[in-house]
Amino acid sequence: PLVGASASIAGLLGVYLVGCRDAHIRLLGFKSPVSARYFVPLFLLAQGLLAYLYVPSALGIAFGVHVIGCLVGAFVSMSYTINQTSEDTEITGRT
């Protein structure tokens, strides 16, 4: 069985995409940083492709869970951002 926290880390990538879209990520082995706006979708694409290729094995499940974790992190972050904005508007009366 595969046990780990990699789906949680993928979820944090989803949160990072929503909250820090214009920030740059420094990758080991690359000279220049990569924008989160480009890195996270490429990460999702690569993980989705690997999940498709390794469907019959446990590795396919692990790659699929990375995609799900990233999407859940992004949706939860967007939900929190929407709720936070509406609460600020209610309190101050400004939009």
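Below or above, wherever it landed, is the structure these notes cover. Computed from a predicted model, the values in this text were never measured in an experiment. (Residues numbered from 1 in each chain as written. Predicted model: local features only at pLDDT ≥ 70, side-chain atom pairs only at ≥ 80, totals over all residues. Heavy atoms only, no water.)

### A short note on helix α2 (residues 36-53)
- The terminal C-alpha atoms of α2, which comprises 18 residues, lie 25 Å apart, in line with the 26 Å expected from a rise of 1.5 Å per residue.
- Those residues of α2 not exposed but buried are Ala36, Val40, Phe43, Leu44, Gln47 and Ala51. The arc that holds every buried residue of α2, seen down its axis, measures 95 degrees, which confines them to one face. Along α2, the residues that are exposed and aim more than 90 degrees away from the buried face are Tyr38, Leu42, Leu45, Tyr52 and Leu53. (Helix = DSSP H or I, 4+ residues; strand = E, 2+ residues; numbered from the N terminus. Expected span 1.5 Å × (residues − 1). Buried < 20%, exposed > 50% of the residue type's maximum accessible area, 1.4 Å probe, protein only. Arc of directions from axis to C-beta.)

### Re the nonpolar core
- One finds Ala10, Leu13, Val40, Phe43, Leu44, Val67 and Cys70 forming the largest nonpolar core, which totals seven residues.
- Residue assignment for this core shows that the elements contributing at least two residues are α1 (6-19), α2 and α3 (58-92).
- No other element matches the three residues that α2 contributes to this core.
- Residues within four places of Phe43 in sequence aside, it is in contact with Ala10, Leu13 and His66. (Core = buried A, V, L, I, M, F, W, Y, C linked by side-chain atoms within 4.5 Å. Contact = heavy atoms within 4.5 Å.)

### Focus: the pattern of salt bridges
- Under the defined criterion, the tally for this structure stands at one salt bridge.
- Ionic pairing is found between Arg37 and Asp22, a salt bridge with its closest N-O pair at 2.2 Å. Here Arg37 is found in helix α2, whereas its partner Asp22 is found in the loop between α1 and β1 (24-25), with 15 residues between them in sequence.
- Its relative accessible area of 38% is what places Arg37 among the partly exposed residues. (Salt bridge = Lys/Arg side-chain N within 4 Å of Asp/Glu carboxyl O.)

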